[in-house]
Amino acid sequence: MADQMVLKKRSFLGPFLGLLLIVGVPTAAAIYYYNTIAVDRYVSEFRYSVRGGAIMQNNGDIAGAIGGSAALVFAADSFVLEDYLVSVQAFEDIEKKLPLREMLSRDGGDPVRNYDPDLPAEEMLRFWERGVDVQFDAITGITTARISFYSPEDSRAVAEALVAELQGIVNGLTREARDDMLEYVNSEYALAETELNRARVAIEDFRRENRTFSPEEELTIDSGIISELRGEINAKEVELATTRQQARNSPSISLIQEEIASLNRQLAGVYEARVGSGEGGFATNLSQFEELQSQYQFARDTYIQTLNLRQQAQANATLNQAQLVVFVEPRTPTKSIDPNRPWEVALIMVFAFLVWVIVRVFMASLATG
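Bear in mind that the values here come from a model prediction, so they are computed numbers and not experimental data. (Residues numbered from 1 in each chain as written. Predicted model: local features only at pLDDT ≥ 70, side-chain atom pairs only at ≥ 80, totals over all residues. Heavy atoms only, no water.)

A count of helices and strands for the protein chain gives 11 helices and 4 strands. In the protein chain, 78% of the contacts between residues at least 6 apart in sequence involve partners at least 24 apart. Roughly 22,300 Å² of accessible area belongs to the protein chain as shown, and the carbon and sulfur atoms make up 56% of that amount. (Helix = DSSP H or I, 4+ residues; strand = E, 2+ residues; numbered from the N terminus. Contact = heavy atoms within 4.5 Å. Areas by Shrake-Rupley, 256 points an atom, 1.4 Å probe, with all protein chains shown as cover.)

Now the structure itself:
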């Protein structure tokens, strides 16, 4: 019976000591750290979103030429800004404006957050990330940035400096998108203008070389001449037939025949000069002119389209630009909310308790095995 009492006492004492060691000591250390060592941190919050105009949207012919979707562009730009806020580049940019290392050194000798001020920027990143918390809501497109430093003034100063940097980045993205679009439409416009001038010069050279304004108009005129000559020939042939019936030996018959022959020679001359099929003849010139006119018409239509596209792009670039909208401005915090001491201690205690439970289960499995 005494041995059983000893075993019971030992089995109760072991778990109690384990609980005290695994849960009690870390919890006590956390209480001591957060109440005597950890320095208050003040949070300055700002919220922003990226809003854009036509140059950032899937808008008509321009966006069709450039490609992309407004929602995707906004999300991509927001992710770019979010990544920037927690990057080494952001630390270096803000360090050029504010004494960041001095701000981070105001930790009151905290051994957990203490750092070497001579560390390079890359190794300072983990300390920087502790002070910058960024959350992006993909549904609303709103990003919330919480800047946490050891004094209210430092937190607000860093937050305002970050807002200025973000504004510069958005302006740069907008300017780059605008410049890319204008470069594209201007290059298309210049190409269309060059093709139109080339087509116009080709028609002018054709007219100069062939000494004609328009073979088509000449063809119309010649068609009228041919019809008139044929009409006169028909009339003379009727007159000749009538004269032969009335006076077979009339001297006017030879005159009429000479007039008919003269009209036929004129008609043949028109055909020879205007409807010849040989190289350099009228038919060849007409075919060349029609091809030049077709090229000119196509170049003119393309020029008009690119001109409208260029005017639209210039209007959009001027009136509708993407911008950073900061609707919650950084402010000077009046109360420290970081660290949340009771919450932090509770988390450590719960975590330690779970570890103790796992250890107890493991020890019990060994004892039963």
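Remark: helix H4 (residues 88–95) packs on helix H6 (residues 121–131), axes separated minimally by 9 Å, with the N-to-C direction vectors making an angle of 95°. It follows that H4 is roughly perpendicular to H6 by the angle criterion. Contact with H4, carried on its side by Val88, Ala90, Phe91, Glu92 and Ile94, involves Ala121, Glu122, Met124, Leu125 and Trp128 of H6 and no other residues of that element. When grouped by side-chain class, the residues that make up the contact of H4 with H6 number 8 nonpolar, no polar and 2 charged. (Axes fitted to C-alpha atoms, helices over the stretch in contact; angles between N-to-C directions. Parallel < 35°, antiparallel > 145°, perpendicular 65-115°, else oblique. Nonpolar A, V, L, I, M, F, W, Y, C, P; charged D, E, K, R; others polar.)

Pairing is antiparallel in the open sheet, where 4 strands are placed in the order E2-E3-E1-E4. Each edge of the open sheet is held by one strand with a lone partner, namely strand E2 (132–137) and strand E4 (323–328). Strand-to-strand twist across the sheet, computed as the mean angle between neighbouring axes with direction ignored, equals 25°. Both E2 and strand E3 (residues 142–149) contribute to a ladder of 6 bridges, which runs antiparallel. (Pairing = 2+ DSSP bridges.)

Attention shifts here to the packing of aromatic side chains. Two descriptors summarise a pair of aromatic rings, namely the distance from one centre to the other and the angle between the planes of the rings. This model, assessed by the stated rule, comprises 6 aromatic pairs. Between Phe46 and Tyr48, the ring centres sit 6.1 Å apart and the planes meet at 25°, which makes this aromatic pair stacked. The same class applies to Phe46 and to Tyr48, which are both buried. Chaining the aromatic ring pairs together yields one cluster made of Phe91, Trp128 and Phe149. Cation over ring: Arg41 sits above Tyr150, and NZ or CZ is 4.8 Å from the ring centre. Geometry around Tyr189 places Arg310 over its ring, the cationic atom sitting 4.4 Å from the centre. (Phe/Tyr/Trp six-rings, centres within 6.5 Å; stacked < 30°, edge-to-face > 60°. Buried < 20%, exposed > 50% of the residue type's maximum accessible area, 1.4 Å probe, protein only. Lys NZ or Arg CZ within 6 Å of the ring centre and 35° of its normal.)

So, about the nonpolar core. Grouped together as the largest cluster of nonpolar side chains are 33 residues, with contacts concentrated most on Phe46, Leu85, Trp128 and Val158. A total of 7 residues in this core trace back to one element, the largest contributor, which is helix H7 (residues 152–210). Residues contacting Leu85, with those up to four places away along its chain left out, are Tyr48, Ala90, Trp128, Val132, Val134, Ala145, Leu162 and Leu166. (Core = buried A, V, L, I, M, F, W, Y, C linked by side-chain atoms within 4.5 Å.)

With that out of the way, let us pick up the side chain of Thr144. Its location among the elements puts Thr144 in strand E3. Here Thr144 is in contact with Glu45, Phe46, Arg47, Asp133, Val134 and Gln135, once residues within four sequence places are set aside.

Take the pairing of E3 next. E3 sits mainly inside the fold: 6 of its 8 residues count as buried. Two strands pair when backbone bridges link them, and strand E1 (residues 42–51) and E3 are joined in this way by 8 bridges, in the antiparallel orientation. When the bridges of E3 are listed, Tyr42 appears paired with Phe149. Between E2 and E3, which follow one another and run antiparallel, lie 4 residues, and Gly141 among them has a positive phi close to 75°.

Buried within H6 we find Ala121, Met124, Phe127, Trp128 and Gly131. Projection of H6 onto a plane perpendicular to its axis shows the buried side chains occupying an angular sector of 105°, all on one side. (Arc of directions from axis to C-beta.)

Along the polypeptide, Ser44 turns up in strand E1. Those residues within four positions of Ser44 in sequence are excluded, and the remaining contacts are Ala145, Arg146, Ile147, Ser155, Arg156, Ala159, Pro330, Arg331 and Pro333.

Looking at the protein chain as a whole, its pLDDT mean stands at 77, while 75% of the residues score no less than 70. Within the protein chain, the element-level pLDDT minimum falls on helix H2 (residues 60–66), averaging 44, and the maximum on H4, averaging 92. Considering only residues more than four positions removed or in separate chains, one finds that residues 1–9, a stretch of pLDDT under 50, has 0 contacts. Every residue in residues 54–72 is under pLDDT 50, and counting partners more than four places away or in other chains gives 35 contacts. (pLDDT = per-residue confidence, 0-100.)

With respect to the secondary-structure elements, Glu183 resides in helix H7. A residue is classified by how much of its surface remains accessible, and Glu183, at 56% relative accessible area, is exposed. Glu183 sits 127 residues away from Arg310 along the chain, and the two C-alpha atoms are 9.7 Å apart.

Turning our eyes to something else, we now look at the pattern of salt bridges. Following the criterion strictly, the structure yields 6 salt bridges and no others. In the salt-bridge network here, residues are joined through shared partners; they are Glu45, Arg47 and Arg146. (Salt bridge = Lys/Arg side-chain N within 4 Å of Asp/Glu carboxyl O.)

A surface patch of negative charge is lined by Asp116, Asp118, Glu122 and Glu123. Of note, Glu122 is situated in helix H6. Residue Glu122 is classed as exposed on the basis of its relative accessible area of 54%. (Patch = residues over 30% accessible without salt bridge, like charges linked within 9 Å, V, L, I, M, F, W, Y side chains within 5 Å. Lys, Arg positive; Asp, Glu negative; His and termini not counted. Charge placed at Lys NZ, Arg CZ, Asp CG, Glu CD.)

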